[in-house]
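Survey of secondary and tertiary structure
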Amino acid sequence: MTRTVQNRATAPRSAGDRARRPASAAAGPDAPKRRLSAADRRREILAKSIEYFATVGFDGGTRELARHLGTTQPLLYRYFPNKDALIQEIYKVVYLDQWNPRWDSLLTDRKVPLRQRLQTFYEEYTDVILNPQWMRIYFFAGLKGVSINERYLALVEERILWRLLREFRAEYGLPAALEPGPGDLELAWQLQGGIFYYGVRRYVYQTPVQLSKSEMISTALDSFFAGYKSALDRSRPTPRSS
C-alpha cells in the first residue's frame, strides 16, 4: 500500500495536467520579461533616473546610471542623447508636470478672499513638493549648479509670487497701474521661503516640527498679511491737512 501511494505521488504528470498549468508556472523563473514599448521603456528609465539622482546627486555618471537601471549606456543614449537632455526631462517631470493648471485660476479667483485662496493653494502645492525625493533633487541640482533650479525659481516668481502680490494689492484697494516692486517681491519670498524651509527641516534634516503643515501655512500667511498690509500702510501718501 505504501509503495503504491509513493508511486502515484512521484508519477510524471500527463500532457493534460501540463496543459492545465498556469503559463507563468510553465514558463519558470528564467523566462524572459515582457518587452516594453519604447514609450514605457523611456518612462521607466526616467523614473529610475530621478530615483538615482535623488540618491547620489547630479555628479553621478551615465555609466553608473546605466548600471543602476540594469541596462547599457548605448540603450540609455537611444532614449536620451546625453546627460543634459536627461536632466532637462527630469526638470519637466519633477517641476513642470507637477504644476496643477487649476492653481492658475485658484490664485486669481477674486470671488474668493485671497487669504482663503492662498491657504488652499499652499496646502495642495506643498503636498507635491514637500517630499524627500523632490527636495533632494532640488538641493543636489543647486549644489551642482544645474540650471533647472534657476528655471524653477523663475517659475515660482511668475506663477505664484507676482500673482500673490497683485492679488493682495487689488484686495487692498490699490489701482492695477501701481505694480509691485522689488521690495514687495522680497516680502513674498519670505513667505515662500518660510513654508519651503518647513519641508527642509522635516524631510532633509529630519528634525521635529512644532505644527502640522496646515497650521504652519496658516501662521505663515497670518504673518505675511499683517506685515505686507503694514508696509503698504506706511507707503500710502499722507493726506494734506486743509
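Residues numbered from 1 in each chain as written. Predicted model: local features only at pLDDT ≥ 70, side-chain atom pairs only at ≥ 80, totals over all residues. Heavy atoms only, no water.

1. With respect to the overall build of the protein
When helices and strands are tallied, the protein shows 13 helices and 0 strands. Moving toward the C terminus, one meets the helices and strands of the protein in the order α-α-α-α-α-α-α-α-α-α-α-α-α. Taking all 242 residues of the protein together, 33% fall into the buried category. At a minimum sequence separation of 6, the contacts of the protein that also span at least 24 residues come to 69%. Carbon together with sulfur atoms contributes 53% to the accessible area of the protein, which is approximately 15200 Å² in total. (Helix = DSSP H or I, 4+ residues; strand = E, 2+ residues; numbered from the N terminus. Buried < 20%, exposed > 50% of the residue type's maximum accessible area, 1.4 Å probe, protein only. Contact = heavy atoms within 4.5 Å. Areas by Shrake-Rupley, 256 points an atom, 1.4 Å probe, with all protein chains shown as cover.)

2. Some thoughts on the side chain of Thr 62
Looking at the secondary structure, you find Thr 62 in helix H5 (residues 62–69). Residue class for Thr 62 comes out buried when judged on its relative accessible area of 13%. There is a polar contact of 2.8 Å between the side chain of Thr 62 and the side chain of Gln 73. Contact partners of Thr 62, with chain neighbours within four places excluded, come to Gln 73, Leu 76, Tyr 77 and Lys 83. (Polar contact = N/O pair within 3.5 Å; in protein donor to acceptor, adjacent residues only side chain to side chain.)

3. Quick look at the nonpolar core
Core analysis: the biggest nonpolar cluster contains 62 residues, and Tyr 95, Phe 121, Tyr 122, Tyr 125, Trp 134 and Tyr 152 have the highest contact counts within it. Among the elements that make up this core, the one with the highest residue count is helix H11 (residues 148–172) (10 residues). Excluding residues that lie within four positions of it along the chain, Tyr 125 makes contacts with Trp 103, Tyr 152, Val 156, Ile 160 and Gln 192. (Core = buried A, V, L, I, M, F, W, Y, C linked by side-chain atoms within 4.5 Å.)

4. Notes on the packing of aromatic side chains
In this structure the tally under the stated criterion is 25 aromatic pairs. Taking the centre distance of 4.6 Å and the plane angle of 25 degrees together, the rings of Tyr 95 and Tyr 152 count as stacked. Separated by 57 residues along the polypeptide, Tyr 95 in the loop between helix H7 (83–94) and helix H8 (102–107) and Tyr 152 in helix H11 bring together distant segments of the chain. Tyr 152 matches Tyr 95 in its accessibility class, with the two residues each being buried. Between Trp 134 and Tyr 152, the ring centres sit 5.4 Å apart and the planes meet at 70 degrees, which makes this aromatic pair edge-to-face. Separated by 18 residues along the polypeptide, Trp 134 in helix H10 (residues 132–144) and Tyr 152 in helix H11 bring together distant segments of the chain. By relative accessible area, Tyr 152 is classed as buried at 6%. Each residue in the set Tyr 91, Tyr 95, Trp 134, Tyr 138, Phe 139, Tyr 152 and Phe 196 is aromatic and connected to the rest through ring pairs, giving one cluster. (Phe/Tyr/Trp six-rings, centres within 6.5 Å; stacked < 30°, edge-to-face > 60°.)

5. Here's the deal with helix H13 (residues 213–235)
Here H13 is 23 residues long and its end C-alpha atoms lie 33 Å apart, about the 33 Å a rise of 1.5 Å per residue gives. Along H13, the residues classified as buried are Lys 213, Met 216, Ile 217, Ala 220, Leu 221, Phe 224, Phe 225, Tyr 228 and Leu 232. Its buried side turned inward, H13 meets helix H9 (114–129), H11 and helix H12 (182–204). (Expected span 1.5 Å × (residues − 1).)

6. Focus on the environment of Tyr 52
Considering the arrangement of structural elements, one finds Tyr 52 in helix H4 (residues 38–56). Note: C-alpha distance between Tyr 52 and Leu 65 (13 residues apart in sequence) is 7.0 Å. Tyr 52 has contacts with Gly 57, Gly 60, Gly 61, Glu 64, Leu 65 and His 68, leaving out every residue within four places of it along the chain.

7. Some remarks on the packing of H9 against H11
At a minimum axis separation of 11 Å, H9 and H11 run at an interaxial angle of 165 degrees. Taken together, the axes of H9 and H11 lie roughly antiparallel to each other. Note that H9 runs across H11; the crossing there is left-handed. Note on element contacts: H11 touches H9 through Tyr 152, Val 156, Ile 160, Leu 161, Leu 164, Glu 167, Phe 168 and Glu 171, opposite Leu 114, Arg 117, Leu 118, Phe 121, Tyr 122, Tyr 125 and Ile 129. A breakdown of the residues in the contact of H9 with H11 according to their chemical character gives 12 nonpolar, no polar and 3 charged. (Axes fitted to C-alpha atoms, helices over the stretch in contact; angles between N-to-C directions. Parallel < 35°, antiparallel > 145°, perpendicular 65-115°, else oblique. Left-handed = near helix turned anticlockwise from the far one by under 90°. Nonpolar A, V, L, I, M, F, W, Y, C, P; charged D, E, K, R; others polar.)

8. A closer look at H4
Taking 1.5 Å per residue as the helical rise, H4 with its 19 residues ought to reach 27 Å, and the 27 Å between its terminal C-alpha atoms agrees with that figure. Buried residues of H4: Ile 45, Leu 46, Ser 49, Ile 50, Tyr 52, Phe 53 and Ala 54, and no others. Those residues of H4 that are buried lie in contact with H5, helix H6 (73–79), H7 and H10. At the C-terminal side of H4, Gly 57 shows a positive phi close to 90 degrees.

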